[in-house]
Amino acid sequence: MGFFVCCIFIGMKIIITEDQSNKLIGLQRRLKDIMRVASDMVDDADRFYGNLDFCRYYQTLKKYVDDVVYEIIQTYEHPSYDVDDIENFIYNHVGYENFVNILMDMYGEKIETFYNMKTKDC
């Protein structure tokens with residue numbers, strides 16, 4: 001079993017095993033795949049949400065972002081993972097708030113622009 005040096009923090013090293021490194025790489029790949037679905041949803045939000053009454057269903061940006069996360073979970077398709085696995089991954093491995101922060105860091109401007117466009121007449 002090999003060991004890898006992961007990170008250096010002010011002269012300290014964190015040593016992880018090869019298995020831990022492989023698991024971390026797998027989690028990063030899964031997150032990257034899920035974020036690809038998010039990108040598609042954000043880029044094609046008009047088609048995805050159609051004529052939905054945003055003023056009625058999404059009174060706040062937070063409520064809309066919560067729904068985007070829900071839709072990502074429902075939409076992501078993978079041969080090895082079902083909806084429950086994806087939900088577990090987002091809520092328990094990444095953490096819901098962390099996932100929302102990643103989503104907003106990557107696509108927040110597009111999400112906010114789309115939301116503002118859909119709610120401008122509310």
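Above this text you will find the structure in question.
The following paragraphs examine the structure supplied in this document.

What counts, and at which threshold
- Residues numbered from 1 in each chain as written.
- Predicted model: local features only at pLDDT ≥ 70, side-chain atom pairs only at ≥ 80, totals over all residues.
- Heavy atoms only, no water.
- Helix = DSSP H or I, 4+ residues; strand = E, 2+ residues; numbered from the N terminus.
- Buried < 20%, exposed > 50% of the residue type's maximum accessible area, 1.4 Å probe, protein only.
- Contact = heavy atoms within 4.5 Å.
- Expected span 1.5 Å × (residues − 1).
- Disulfide = S-S within 2.5 Å.
- Salt bridge = Lys/Arg side-chain N within 4 Å of Asp/Glu carboxyl O.
- Patch = residues over 30% accessible without salt bridge, like charges linked within 9 Å, V, L, I, M, F, W, Y side chains within 5 Å.
- Areas by Shrake-Rupley, 256 points an atom, 1.4 Å probe, with all protein chains shown as cover.
- Lys, Arg positive; Asp, Glu negative; His and termini not counted.
- Charge placed at Lys NZ, Arg CZ, Asp CG, Glu CD.

Now for the overall build of the protein chain. Looking only at helices and strands, one finds five helices and two strands in the protein chain. Shown N-terminal to C-terminal, the secondary structure of the protein chain runs as helices and strands in the order β-β-α-α-α-α-α. Looking at the 122 residues of the protein chain, the share that counts as buried comes to 33%. Within the protein chain, contacts between residues separated by at least 24 positions form 60% of all contacts whose residues are at least 6 apart in sequence.

Right, let's talk about helix H1 (residues 18-43) for a bit. Here H1 is 26 residues long and its end C-alpha atoms lie 37 Å apart, about the 38 Å a rise of 1.5 Å per residue gives. Looking at H1, one finds that the buried residues are Ser21, Arg30, Leu31, Ile34, Met35, Val37, Ala38, Ser39, Met41 and Val42.

Under the definition given, this model contains one disulfide. Cysteine 55 shares a disulfide with cysteine 122; S-S distance 1.7 Å. Handedness here is read from the sign of the S-S torsion; for cysteine 55 and cysteine 122, about -90°, the answer is left-handed. Of this pair, cysteine 55 sits in helix H3 (residues 54-57) while cysteine 122 sits in the segment after helix H5 (83-119), and the two are 67 residues apart along the sequence. A residue is classified by how much of its surface remains accessible, and cysteine 122, at 59% relative accessible area, is exposed.

What follows deals with the pattern of salt bridges. Tallying each qualifying case throughout the model produces four salt bridges. Lysine 62 serves as the salt-bridge partner of aspartate 66, at 2.9 Å between the closest nitrogen and oxygen. Placement of the pair is aspartate 66 and lysine 62 together in helix H4 (residues 61-75), with a separation of four residues, close to one helical turn. For aspartate 66, a relative accessible area of 27% translates into the label partly exposed.

This part covers the environment of tyrosine 57. If you trace the backbone, tyrosine 57 turns up in helix H3. Residue tyrosine 57 is classed as partly exposed on the basis of its relative accessible area of 37%. C-alpha separation for the pair tyrosine 57 and aspartate 67, spaced ten residues apart in sequence, amounts to 9.9 Å. Beyond its immediate sequence surroundings of up to four residues, tyrosine 57 is in contact with Leu52 and Lys63.

A cluster of acidic residues, Asp82, Asp84, Asp85 and Glu87, forms a negative patch at the surface. Positionally, glutamate 87 belongs in helix H5.

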